[in-house]
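A look at the structure
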Amino acid sequence: MKINQLSVFLENKPGQLSKPCRALAEAGINILTLSLADTQQFGIMRLIIHQWAKAKAVLEKAGCVVKVTEVVAIEVSDRPGGLAEVLEGIEAAAINIEYMYAFTFRSGDKAIIIFRFDDPDGAIRALQSKGINVVGNVGLYDRAAV
Amino acid sequence: MRLWPESSARAESEKPRMKFPFENRIWDQAEIMPVADRRQLQLQRLAELVARLGSVPFYKQAFARTGLGPEKIKSLDDLRRLPITTKADLREHYPLGFLAVPREKVARIHGSSGTTGKPTFVAYTAGDLETWAQLCARFLVAGGLQPEHTVHIAFGYGLFTGGFGLHYGVERVGAAIVPAASGNTPRQLMLIQDLGAQVLVCTPSYALQIAETARSTGLDPAKLPLEFGHFGGEPWTEDMRLQIERELGILAFNNYGLSEVIGPGVSGECAARTGMHIQEDHFIVECLDPDTLQPVEPGQPGELVFTTLTKEAFPLIRYRTRDIARLDDSPCPCGRTTARMDRVIGRTDDMLIIRGVNVFPSQVEEALLRVEGTAPHYLIEVDRPGAMDEVTVHVEIRPQDFSDKMSQMQSLREQIDREVHAVTGLRMQIKLVEPQTLERSAGKAKRVIDHRREKGLI
């Protein structure tokens, strides 16, 4: 149910983003989706990658600081109000969202959004009890057709 | 074994109390003599010293130049008119040009390691060796040593003063000595365990290595018979003390000395651990601004400068140690009336002057230790783009410090910012950088880049 996300520390200077991407490209590793968080001083790139363990080794060899975090992928109806419904469900369960970002592909008429919770297991239980579809590893990577 | 019920960190932050983790004992009554009496003794010994130094060409010339002599020493303030002695002066008179007694009176010769150029040698008469042993006995007893203890000495026995200095101090107290010397840590561990040493004497970094080696062989270092540790020979931080105490389950004491002055025994901590008591009946200490050689404001860090009052073979006047520390002459709960020095926070060679404030790389390191437990690689970059100095501290991010949460990373940066400000009193830019991006030369990290120097601004 939970999927592994890789986070990479980036210094805020030219060329910092291309280094990890180049390392993954040379290893033939595809990035399913990513998000960037940045401040004036530094940034954090978060990556969803099917072969995350291999990717981690490749990035570390390239000199990156990498952290593995468990995140939750949730299906959201791709129509006005779709995300609001899910968020209301999460809010009702009093679960704190650290951050979230969307996938680049759709699953039928649904969008997929990555959520970072402090307690992913508790969040999954709460979401499922509200009938929100949490996408598992297999389903996710199948849909991404990798 | 734990002797101090609460954590040392708490004990440090509280006001000194008359409560000690072990019996507070005084080795020599000279340690508790009234301050005014000691000053009188210092003055008398200073005049005698200046008279004796007429036989040393360096001082003879200096006195002739300035018209100074023993008859001119009327008060301790007259010390300020006496010449300064530096390491370079000792080098210039290599090997033993500062000898103040006939060669046949010399009983032993020690030397500094001489990492830069030739070593510098120092000589002792039999009387000097006895003084030295007594001074070491003073701080050992202040730090809990008792005649029934067994002391494991893992200092090198050689030209370096650590091994022999502590050895004879322990002997005077009447404790048993295991002269293990340095090296072969697994064997040291075996000796400590099998011979049941309660006291460890070595450098603080070697104490940590002993703990590390114990763990790697599946042995809990806290289960060793050790109860006390007397560490010196290199600068160390308060955090290192806490780590050593936690890992080895001991009380760790700091002592200070340098071969030019006498070796270990110049100062050492008592049970109150509020600084190292300087043996002022044998040494006069000054705390000077390294640039102007004027005294710093009381309580401010400055370069320690020592005058050896009683040394026979190799007496020195106003010797610049290049060590930076603070002096404190407030009363100590242990009853000793001597001034105390705080731990050495840096060397004059490393000192940066930023917006008029003296800053040492070791202070930035201490701030990083406080935030992250162990210090990551860092680099201090100083520049003066306009009228003001600006400092950026580059800190390498390590996997254990990194989080995918922006809030945590921001708070790490802010914590470092706060601690650096708290320790140095200056605001510095904190920049988190990728690992292995800061320059390392020959295993040693480069700590400072000062663009002001390149620009000819300093």
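Please read all numbers here as calculations on a predicted model, not as lab measurements. (Residues numbered from 1 in each chain as written. Chains lettered and ligands numbered in written order. Predicted model: local features only at pLDDT ≥ 70, side-chain atom pairs only at ≥ 80, totals over all residues.)

What chain A contains, in helices and strands, is five helices and seven strands. Overall, chain A shows an N-to-C arrangement of helices and strands of β-α-β-β-α-β-α-β-β-α-β-α. Taken against the 2.2 N^0.38 rule, which gives 15 Å for 146 residues, the C-alpha radius of gyration of chain A at 16 Å falls within 12% of a compact globule. Along the longest, intermediate and shortest principal axes, the C-alpha atoms of chain A span 45 × 35 × 25 Å. A total of 146 residues make up chain A; the buried ones form 29% of that total. At a minimum sequence separation of 6, the contacts of chain A that also span at least 24 residues come to 70%. (Helix = DSSP H or I, 4+ residues; strand = E, 2+ residues; numbered from the N terminus. Rg over C-alpha atoms; globule rule 2.2 N^0.38 Å. Buried ≥ 20, exposed ≤ 12 C-beta atoms within 10 Å, placed from the backbone. Contact = placed C-beta atoms within 7 Å.)

Residue and element names in this part refer to chain A. By the assigned domains, chain A splits into domain 1 (2-69) and domain 2 (71-143). The gap between the C-alpha centroids of domain 1 and domain 2 is 22 Å. In this complex, domain 1 contributes ten residues to the contact, which on the side of domain 2 involves 13 residues. Contributions of two or more residues to the side of domain 1 that touches domain 2 are made by β1 (2-11) and β2 (33-38). Split into classes, the residues belonging to the side of domain 1 that touches domain 2 amount to four nonpolar, five polar and one charged. (Domains from an automatic or database assignment. Nonpolar A, V, L, I, M, F, W, Y, C, P; charged D, E, K, R; others polar.)

To continue, consider the packing of helix α5 (residues 126-142) of chain B against helix α6 (residues 161-173) of chain B. Residue and element names in this part refer to chain B. One way to put it is that α5 packs onto α6 with a least axis distance of 7 Å and a crossing angle of 70 degrees. With respect to each other, α5 and α6 are oriented roughly perpendicular. Two secondary-structure elements touch here, α5 through L129, W132, A133, Q134, C136, A137, L140 and V141 and α6 through G165, L166, Y168, G169, V170, E171, R172 and V173. Residue composition of the contact of α5 with α6, by class: eleven nonpolar, three polar and two charged. (Axes fitted to C-alpha atoms, helices over the stretch in contact; angles between N-to-C directions. Parallel < 35°, antiparallel > 145°, perpendicular 65-115°, else oblique.)

What follows concerns the interface of chain B and chain A. Residue-level contacts link 16 residues of chain B with 16 residues of chain A. Broken down by class, the residue content of the side of chain B that touches chain A amounts to eight nonpolar, three polar and five charged.

All names here are of chain B. Direction of pairing for strand β18 (residues 378-383) relative to strand β19 (residues 390-396): antiparallel, over a ladder of six bridges. Across the sheet, the residue bridging to Y378 is V395, located in β19. Joining the antiparallel neighbours β18 and β19 is a turn of six residues. Two elements, β18 and strand β23 (residues 448-450), share three bridges in a ladder whose sense is parallel. Looking across to β23, one finds that I380 is bridged to V448. (Pairing = 2+ DSSP bridges.)

Taking 1.5 Å per residue as the helical rise, helix α11 (residues 406-424) of chain B with its 19 residues ought to reach 27 Å, and the 27 Å between its terminal C-alpha atoms agrees with that figure. Residues of α11(B) that are buried include every one of M409(B), I416(B), E419(B), V420(B), V423(B) and T424(B), and no others. Down the axis of α11(B), the buried set is contained in an arc of 110 degrees. They therefore lie on one face. Exposed side chains of α11(B) directed beyond 90 degrees from the buried face belong to S407(B), S411(B), E414(B) and A422(B). Residues of α11(B) that are buried in the fold lie against β3 (42-48) of chain A together with β17 (357-359), α10 (361-372), β19 and β20 (429-433) of chain B. Residue G425(B) follows α11(B) closely and has a positive phi angle near 75 degrees. (Expected span 1.5 Å × (residues − 1). Arc of directions from axis to C-beta.)

Take the packing of helix α7 (residues 185-195) of chain B against helix α8 (residues 204-216) of chain B next. All names here are of chain B. α8 packs onto α7 with a crossing angle of 90 degrees between their chain directions and a minimal axis gap of 9 Å. One element, α7, and the other, α8, form an angle in the roughly perpendicular class. Across the interface between the two elements, T185, P186, Q188 and L189 of α7 pack against Q209, I210, T213 and A214 of α8.

Residue and element names in this part refer to chain B. The strand order β20-β19-β18-β23 describes an open sheet built from four strands, whose pairing is mixed. The open sheet is flanked by β20 and β23, the only strands paired with a single partner. Mean inter-strand twist for the sheet, computed between neighbouring axes without regard to direction, equals 20 degrees. α10 rests against β18, β19 and β23 of the sheet, and its axis sits at about 130 degrees to β18.

What follows is about the confidence of the model for chain A. Chain-level pLDDT for chain A is 88 on average; 93% of the residues reach the 70-or-more range. Across chain A, helix α2 (residues 52-61) of chain A holds the top mean pLDDT of 95, while helix α5 (residues 137-143) of chain A sits lowest at 67. (pLDDT = per-residue confidence, 0-100.)

In this section: the nonpolar core. Within the largest apolar cluster, 152 residues are counted, with the highest numbers of intra-cluster contacts made by V8(A), F9(A), I74(A), V201(B), A207(B), V285(B) and V393(B). For this core, the element with the highest residue contribution is α5(B), accounting for nine residues. Non-local contacts of A207(B), meaning those with residues more than four positions away in its chain, are made with L200(B), C202(B), G229(B), F231(B), I244(B) and L248(B). (Core = buried A, V, L, I, M, F, W, Y, C linked by C-beta atoms within 7 Å.)

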